[in-house]
Amino acid sequence: MPSRNDLLIIRPFYILTSTFSFQMVSLLKLAKITEEGVRFMSPHDGTPMLLTPEHSISLQNTIGSDIIMQLDDVLVTTSPDHVRMREAMERSVRWLDRCIAAHKNPDTQNLFCIIQGGLDTEMRRECTREMVARNTPGIAIGGLSGGEAKSDFCRVVLTCTELLPELKPRYVMGIGYPEDLVVSVALGADMFDCVWPTRTARFGNAITKHGVLNIRNSKYANDFGPLEEGCECACCRTGEGAMGITRAFVHHNTAKETVSAHLLSIHNVWYQLNLMREVRNAIIADEYPAFLRQFFANLYPDKADYPEWAVEALRMVNIDLRSNNT
Amino acid sequence: MATPNSDKDMRIIFRTVNDFIANDGAVRLGRLSLPNRNPVDTPNYFGLTSRGAVPHMTPDNISKHTEIGGVYIAIEDFLEHSRKRAYPAIYNIDVPGKEPLHAYTATPSSMVTILGARRNPAVTAPSGNGRNYISIFTSTGFQRLDTENYHRAIENVRPDIAIPLADLTFNESKAYSNAKRQLRMVERTEDWLAAFFKLRDPEDTPRKTDHGAHIFGPLLPTDFQTQWEYINRLAQDYAEKLSGLAVYDVNILPDLAEYSSLTHLPRLSLDIMTSPHDILRQVQLGIDLFTIPFLNSTSDAGVALTFKFPPPPNPAASILPLGTDLWSVDHQTSLAPLAEGCECYACTRHHLAYMQHLLNAKEMLGWTLLQMHNHRVLSDFFAGIRGSLGRGYAAFEEDCARFARVYDTEIPKGTGTRPRARGYHFKSEGGESKINEAAWENYEAAGSGDPVVAAEMAGRAATGAKGEGKETPVVPEGGAEELDKKGFAEIDK
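To start, this report covers the structure provided alongside it. Along every chain, residues carry numbers that run from 1 in the direction the sequence is written. Each chain takes a letter, starting from A, and each ligand takes a number, starting from 1, following the order in which they are written. Local features in a predicted model are, by the rule used here, given only for residues with pLDDT of at least 70; side-chain atom pairs are given and counted only at 80 or more, and totals for whole chains, interfaces and linings are based on all residues. Excluded from the side-chain calculation are hydrogens and water; included are all heavy atoms of the structure.

## Topic: the overall build of chain A
Counting from the N terminus, the helices are the DSSP runs of H or I reaching at least four residues and the strands are the DSSP runs of E reaching at least two. Looking only at helices and strands, one finds 12 helices and 11 strands in chain A. Atoms considered for the radius of gyration are the C-alpha atoms alone. The globule rule reads 2.2 Å times the number of residues to the power 0.38. Whereas a compact globule of 326 residues would reach a radius of gyration of roughly 20 Å, chain A reaches 21 Å, a difference of no more than 12%. Viewed in the frame of its principal axes, chain A has a C-alpha envelope of about 60 × 45 × 40 Å. In chain A, which comprises 326 residues, the proportion classed as buried is 55%. Should any heavy atoms of two residues lie within 4.5 Å, those residues are considered in contact. Look at the contacts in chain A between residues 6 or more apart in sequence, and 62% of them connect residues 24 or more apart. Accessible surface computed for chain A: about 14,300 Å², of which carbon and sulfur atoms make up 54%. In chain A, 33 positive and 39 negative side-chain charges are present, and the distance between their average locations comes to 3 Å. Think of it in three bands: residues with accessible area under 20% of the maximum for their type are buried, residues over 50% are exposed, and the middle band is partly exposed, with areas taken using a 1.4 Å probe on protein chains only. For accessible areas, the Shrake-Rupley method is used with a probe of radius 1.4 Å. Any residue's cover is judged against the shown protein chains and nothing else. Counting rule applied: Lys, Arg positive; Asp, Glu negative; His and chain ends not counted. Note that the charge is assigned to NZ on lysines, CZ on arginines, CG on aspartates and CD on glutamates.

What follows is the structure in structure tokens.
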């Protein structure tokens, strides 16, 4: 029997679901977390809701997504409250046990744990060991991308990946800037999710390998080139049946007609997917350090401008970004 | 562009396939054929654009998922004032082998473009038109547009079809009921048209000459008595320069039968219409081409059109609705398509429950899918009209009568919120409330919001070197105790 999700959305792709997202920390009138679960106000009608680990898994079992996420106790990564952070980390481990026990379709749906522990390396290690011991099909590193410094972010990712088993997917939640993606891959991460490519499209920004262009800038009003020269996305590609989208037309409609947001979304998502395709090809060819050097050279004409956090993070995995070797 | 062909009258773009004796031969099946564009069988409709785009649809989706053969574009969407630009950007584009209007708006090259001065429907200009100009509404405010500048715009952007200026106020209630105002409208439009043709063709060369855009002469929203002299002039002096007629009030059409030099021209309706019943009435009066203003607004309202022509058998004899309000919670678990039997992209891949979800989540995809569906319903509707006419005028009359019996008179109004309306969609009056209530408020009372998102909105993409060098900020101000005192994480205030 098809699950409800098969009926609700016709899907040629994998679907990953989560019931409680980090965005809720910043967006919602939130949320009291007790051992029982998360109490929060419904964003739809303001009524109080209770989300328990069991209910979270039951919902995701019903939806029938391919990857389901545990319910975790997440608070702002940069929280200075060490005691609360430890409580959240330990509770996330206990909730994982409840999620595993409640999971009805372990053969068809993959439950991922989520490593918590803020920016405290020792707490992250402890959490990682506990989570790995529970042997879920995949492992997520959570609670990041919440305003922490990039060097802290990299340190935490590397701390976790060093302790993770080789043959399980490692998912860093909420990561999306191109620099963050390529550096995280070097630090041992496999998969990511982020709203940024489409959100920034709605704000009128185009991602290119030479940086992000704000197409709302009036200098693009008479720019009749593609969003990015050489790009193969549906907007930029040339040849038979090409759409022939110009920066000028996108500029003409940014913040005025939704079509510009659609066009920039098409371009930006293609950019991100193509970036990861190039990343995979470079890894297979055993040329990832050279790929990284080229990637940063495209973004910054002067090596002195390379972001220090990226240089340092890559040095931790023995890649010298400023080396002249290609 | 097509090469001039001396054997062929370049002006003629329309052939009737079948005229009907009824209504003095006004009603006909026809075909509009322009060089390098796909032919369009009529009666049919063209898409209405906003700022050169069919709302919510990217050009690839228009090619793949609609059957529209052409679009109506308003020049007022491109003429905004800018201190940084001497000329509108659209004048500067130069793509080999493409007309600037097609190239700038990325309109698929198989599709016909019709250029008018004003959007349809147009926003009423408070100051009205002048002796030599009309008021247009750009995204930077009202401006004047005179015949000379409009002529220059047409030369620059090279539409397939252009409608010359007419002295319309788009204010039904006041202007058109005033006899003096009506007379002035006719006089001005006649003067402007003369000036327009003079600019296009100072030598007044004989017919069969290619002067670029094909011209659809405007027929005005007055009774025949008021504009008969103007129509005489169209028929006698300008018939050879016209490729079609732009009809602002279809009630003039019965009086047109007398003018044999005008009857063979295709007629584009820019008259008001609010339902498919109006379309059928206008077809019966002899309209060949439509722009359907209610199509975009119906999609924006979250309503899926459900009517068919000829109407389906209706044994229950109940009144069928013209559309379905997709916001209704009735659809929350419905796996039915938007309209039974529809073969559009949205109906074959999705269903009411998903559409209801998308609208409630305010996902832009909802409106995109709705546009695909509603355009398909309209295309099928016109195919049905042509099929019915193909069986003879009596069959068509019979189908129209049955349509009027079977279907409700009005399209249902959507109950939910709309996509954001912009200044060029309407002119706001003082003290009006917002169309849509804000769905979300910032958690932080001061409204500081997420600094990363704020930076993105301000056009500073928060990535790269700018984002580094900062220590991890201590985000919540104060410790846990203080936060607790302030009521952090409490459910009741």
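## A word on the pairing of strand β11 (residues 244-247) of chain B
All names here are of chain B. Here β11 shows two buried faces, one formed by Gly 244 and Ala 246 and the other by Leu 245 and Val 247. Strands pair, by our definition, only if DSSP identifies at least two bridges between them. Note: strand β10 (residues 214-219) against β11, 4 bridges, orientation parallel. Counterpart to Phe 216 in the pairing with β11 is Gly 244. Pairing of β11 with strand β12 (residues 267-269) involves 3 bridges; the strand directions are parallel.

## Examining the sheet that holds strand β6 (residues 110-115) of chain A
Residues and elements named next belong to chain A. Ordered in space as β1-β5-β6-β7-β8-β9, the 6 strands form an open sheet in which the pairing is parallel. In this open sheet, the two edge strands, each paired with only one partner strand, are β1 (16-17) and β9 (191-192). Sheet topology note: the β6/strand β7 (residues 138-141) ladder contains 4 bridges and is parallel. Across the sheet, residue Phe 112 finds its bridge partner in β7, namely Gly 138. Against the sheet, helix α3 (residues 53-63) contacts β1, β5 (67-69) and β6, and its axis sits at roughly 165 degrees relative to β5. Between N-to-C directions, angles cover 0 to 180 degrees, with each direction set by a line fitted to C-alpha atoms, over the stretch in contact for helices.

## Here's the deal with the side chain of Thr298(B)
All names here are of chain B. For Thr 298, the location among the structural elements is in helix α9 (residues 293-300). Its relative accessible area of 7% is what places Thr 298 among the buried residues. Within the local environment of Thr 298, its side chain forms a polar contact with the backbone oxygen of Phe 294, the two atoms lying 2.5 Å apart. When neighbours within four sequence positions are excluded, Thr 298 is seen to be in contact with Val 303, Leu 305, Asn 374 and Ile 411. Any pair of N or O atoms that falls within 3.5 Å is considered a polar contact. Within protein, one atom must be able to donate a hydrogen and the other to accept it, and sequence-neighbouring residues count only if both atoms are side-chain atoms.

## Quick look at the nonpolar core
The tendency in soluble globular proteins is for nonpolar side chains to be buried as a group. Core analysis: the biggest nonpolar cluster contains 145 residues, and Leu262(B), Ile279(B), Ile292(B), Leu378(B), Phe381(B) and Ile385(B) have the highest contact counts within it. Examining the composition of this core, we find that 10 residues originate from one element, helix α12 (residues 364-390) of chain B, more than from any other. Contacts of Ile279(B), omitting those with residues within four sequence positions, involve Met273(B), Phe290(B), Ile292(B), Phe294(B), Leu378(B), Phe381(B), Phe382(B) and Ile385(B). Among buried residues, those of type Ala, Val, Leu, Ile, Met, Phe, Trp, Tyr and Cys that are joined through side-chain atoms within 4.5 Å constitute a nonpolar core. Core analysis: the next-biggest nonpolar cluster, separate from the first, contains 60 residues, Leu96(A), Ile115(A), Leu181(A) and Leu314(A) among them.

## Here we look at helix α12 (residues 308-316) of chain A
Residue and element names in this part refer to chain A. If you check which residues of α12 are buried, you get Trp 309, Ala 310, Val 311, Ala 313 and Leu 314. Elements in contact with the buried residues of α12: α6 (150-162), α7 (178-186) and α11 (288-299). Among the residues trailing α12, Asn 318 stands out with phi positive, at a value near 65 degrees.

## What to know about the pattern of salt bridges
Salt bridges are defined as contacts in which a side-chain nitrogen from Lys or Arg sits within 4 Å of a carboxyl oxygen from Asp or Glu. Following the criterion strictly, the structure yields 34 salt bridges over all chains and no others. The partner of Glu122(A) in a salt bridge is Arg125(A), with the nearest N and O atoms 3.1 Å apart. Here Arg125(A) and Glu122(A) lie together in helix α5 (residues 121-133), a separation of 3 residues that amounts to about one turn. By relative accessible area, Glu122(A) is classed as partly exposed at 44%. For Arg125(A), a relative accessible area of 27% translates into the label partly exposed. One salt bridge connects Asp41(B) with Arg31(B), and the closest N-O pair in it is separated by 2.9 Å. Taken together, the positions of Asp41(B) in strand β3 (residues 40-42) and Arg31(B) in strand β2 (residues 28-32) put the pair 10 residues apart, joining distant regions of the chain.

## Describing the packing of helix α11 (residues 352-360) of chain B against α12(B)
Residues and elements named next belong to chain B. Remark: α11 packs on α12, axes separated minimally by 7 Å, with the N-to-C direction vectors making an angle of 130 degrees. Our classification of the angle between α11 and α12 gives oblique. Of the two possible hands of crossing, α11 and α12 adopt the one that is left-handed. On α12, the residues that touch Tyr 354, Met 355, Leu 358 and Leu 359 of α11 are Leu 365, Gly 366, Trp 367, Leu 369 and Leu 370. Gly falls in the polar group here, along with every residue not listed as nonpolar (Ala, Val, Leu, Ile, Met, Phe, Trp, Tyr, Cys, Pro) or charged (Asp, Glu, Lys, Arg). Taken together, the residues that form the contact of α11 with α12 break down as 8 nonpolar, 1 polar and no charged. Small angles under 35 degrees read as roughly parallel and large ones over 145 as roughly antiparallel, with 65 to 115 read as roughly perpendicular and the rest as oblique. By convention the crossing between two helices is left-handed if the near helix lies anticlockwise of the far one by an angle smaller than a right angle, and right-handed if it lies clockwise.

## Brief notes about the state of the cysteines
By convention in this document, the label disulfide applies to cysteine sulfur atom pairs within 2.5 Å. In total, this model carries 0 disulfides over all chains according to the counting rule given. Unpaired in this structure, Cys154(A) has its nearest cysteine sulfur neighbour in Cys160(A), at a distance of 12 Å. The exposure class assigned to Cys154(A) is buried, which follows from its relative accessible area of 1%. Cys344(B) takes part in no disulfide bond, and the closest cysteine sulfur, belonging to Cys342(B), lies 3.7 Å away. Using a relative accessible area of 1% as the deciding quantity, one classes Cys344(B) as buried.

## Things to note about the packing of aromatic side chains
When the centres of two rings from Phe, Tyr and Trp lie within 6.5 Å, Trp using its six-membered ring, the rings pair. Their planes under 30 degrees apart give stacked, over 60 give edge-to-face, and anything left gives tilted. Summed over all chains, the structure comprises 27 aromatic pairs over all chains. With a centroid separation of 5.8 Å and 85 degrees between ring planes, the pair formed by Phe381(B) and Phe382(B) is classed as edge-to-face. Here the aromatic cluster, defined as three or more aromatic residues joined through ring pairs, consists of Tyr45(B), Phe290(B), Phe307(B), Phe309(B), Phe381(B), Phe382(B), Tyr393(B), Phe396(B), Phe403(B) and Tyr407(B). Sitting over the face of the ring of Trp270(A), Arg277(A) holds its NZ or CZ atom 6.0 Å from the ring centroid. Either the NZ atom of lysine or the CZ atom of arginine qualifies as a charge over a ring when it sits within 6 Å of the ring centre and within 35 degrees of the ring normal.

## Digging into the environment of Arg349(B)
Residues and elements named next belong to chain B. Relative to the assigned elements, Arg 349 resides in helix α10 (residues 345-349). When its relative accessible area of 38% is taken as the criterion, Arg 349 is described as partly exposed. In this structure, the C-alpha to C-alpha distance between Arg 349 and Asn 38, residues 311 residues apart in sequence, is 28 Å. Within the local environment of Arg 349, its side chain forms a polar contact with the side chain of Thr 348, the two groups lying 3.1 Å apart.

## Regarding the environment of Ala395(B)
All names here are of chain B. Structurally, Ala 395 can be placed in helix α13 (residues 393-406). Residue classification places Ala 395 among the partly exposed positions, given a relative accessible area of 24%. Along the sequence, Ala 395 and Pro 310 sit 85 residues apart, while their C-alpha atoms lie 9.8 Å from each other.

## Re unusual backbone geometry
A cis amide bond, omega 0 degrees, links Thr42(B) with the succeeding residue Pro43(B). By secondary structure assignment, the location of Pro43(B) is in the loop between β3 and β4 (44-48). Each neighbour pair has its own omega, and for Asn120(B) with Pro121(B) the value is 0 degrees, a cis peptide bond. Locating Pro121(B) in the fold gives a position in the loop between β6 (112-116) and β7 (133-138). At Ala255(A), a residue that is not glycine, the phi angle is positive and equals roughly 60 degrees. Assignment of secondary structure puts Ala255(A) in the loop between α9 (247-253) and α10 (258-284).

By themselves, these are just geometric observations and shouldn't be taken as functional.
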